[in-house]
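The primary structure of each chain is shown beneath.
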Amino acid sequence: MGRFVFLALLGMLCLISKGFSTNLERLMDNVLVLRVRNIDGSKVPVPLSCGEAFQNEQVTWKKNGVPQPGLQGNYIQVTVQEWGGGNYTCHQGPEGPTLNYTVIMVQLEPDNRTVILEPRSHEQDYIQCLTRNYRGLFHCSWSRSVERSDATVLLVKGHRNHEPVLCEVESSGSGMRCRDNVCPYEEERHRISLTVYMRSVYRLEAYTKVFFLREIVTPGPFPHLHLNGSVFKWDYPESWEKPCSFFSLLFHVKVVRNGEDCHSNNPLDEKNISKTEYPIDPIIIKPKRFVFCLRAQDKHTEGPWSHWSHCTVNRLHDKPVCFL
């Protein structure tokens, strides 16, 4: 009978409680998420159970390690006020061992009102992902706000077309490495979906990013970029897919004046080419000192451009200085 009452209470918590629209979801083992539309002044009842195995035990409760004399028995109801979630532990008697626990997290909905992470771009993109090829390994990162620098990752959920995408959070807590089981030669039909659940004390925020792998494939640096006579030459990035005839790159070359960077809008010369070499035309490139810039993108998908590699050339010296 007690179990039925508990389940009924849990099912009813998609309800209006004293004017506050709420719902309750079990996010993972021992973690409940209370979603509240209006947090100010909210008081929401939440049912808890120590577990069926302890139905006949003398069960007492603690919240965040503090005894709660008014809470006794296997099935209880607590009141969560505003952001006042917590870690509720049940014990075998007042001084007995811990039997079980439930963490209650509070999340605003529907807009989530994010304060834990900072946007990484003008499009309010909180998570940025990147990979060097189509082998299925990729890296994602984010930036915590100064006020929530102690926030941690509670859970990561990832999938593509119902198949799991596994991720491992880095020790810094500011990124993760993920693996998608994909064949590099197959055309992508379904997007990858990642949701990162961030917690700050008992506040929970969910950040979702959805993308094709081809949208985040960014070529790496170019080995052996050098000037041979009057011709710049380079190789495909070592991390790029092979054969290169199938995974072709488009190269963006730009020549700018000495002292200017590769983002200059007033180049001496600029072209998109497919070859891995570029002859310097002395009629066009007249200065003795100039900067040669090179970046690339997947030729067929027109994915993101790589970072600029560049060489500073002084024709009065033999060797240019190149930065990959």
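A few points on the structure. (Residues numbered from 1 in each chain as written. Predicted model: local features only at pLDDT ≥ 70, side-chain atom pairs only at ≥ 80, totals over all residues. Heavy atoms only, no water.)

## A word on the overall build of the chain
For the chain, the helix and strand inventory stands at 1 helix and 27 strands. The C-alpha atoms of the chain give a radius of gyration of 28 Å, which is well past the 20 Å a tight globule of 324 residues would have. Oriented by its inertia axes, the alpha-carbon framework of the chain measures out at about 90 × 40 × 35 Å. Taken over 324 residues, the chain has a buried fraction of 43%. Split by element, the accessible area of the chain, about 17,700 Å² in all, is 50% carbon and sulfur. (Helix = DSSP H or I, 4+ residues; strand = E, 2+ residues; numbered from the N terminus. Rg over C-alpha atoms; globule rule 2.2 N^0.38 Å. Buried < 20%, exposed > 50% of the residue type's maximum accessible area, 1.4 Å probe, protein only. Areas by Shrake-Rupley, 256 points an atom, 1.4 Å probe, with all protein chains shown as cover.)

## Focus on the environment of I216
When you line up the elements, I216 lands in the loop between β19 (203–211) and β20 (226–228). Relative accessible area serves as the criterion here: at 6%, I216 is assigned to the buried category. For the pair I216 and N133, spaced 83 residues apart in sequence, the C-alpha to C-alpha distance is 9.1 Å. Non-local contacts of I216, meaning those with residues more than four positions away in its chain, are made with C129, L130, T131, F138, F211 and P304. (Contact = heavy atoms within 4.5 Å.)

## Some details on the pattern of salt bridges
Across all of its chains, the model carries 9 salt bridges by this definition. Across the salt bridge formed by E241 and R135, the nearest N and O atoms sit 3.4 Å from each other. Remark: R135 occurs in the loop between β11 (128–130) and β12 (137–141) and E241 occurs in the loop between β21 (231–233) and β22 (249–257); sequence separation between them is 106 residues. Classification of E241 by relative accessible area gives buried; the value is 5%. With its nearest N and O atoms 3.1 Å apart, the salt bridge here joins D269 to K271. You can call D269 buried: its relative accessible area is 12%. A single salt-bridge network, built from bridges that share partners, covers R160, D180, E188 and R214. (Salt bridge = Lys/Arg side-chain N within 4 Å of Asp/Glu carboxyl O.)

## Brief notes about the packing of aromatic side chains
Counted by the stated rule, this structure contains 11 aromatic pairs. Ring centres of W234 and F292 lie 6.2 Å apart, and the angle between their planes is 35 degrees; on these two criteria the pair is classed as tilted. Of this pair, W234 sits in the loop between β21 and β22 while F292 sits in strand β25 (residues 289–298), placing them 58 residues apart in sequence. With respect to class, W234 is no different from F292; both count as buried. Cluster of aromatic residues (ring-pair linked, three or more members): F222, F232, W234, Y236, F251, Y278 and F292. (Phe/Tyr/Trp six-rings, centres within 6.5 Å; stacked < 30°, edge-to-face > 60°.)

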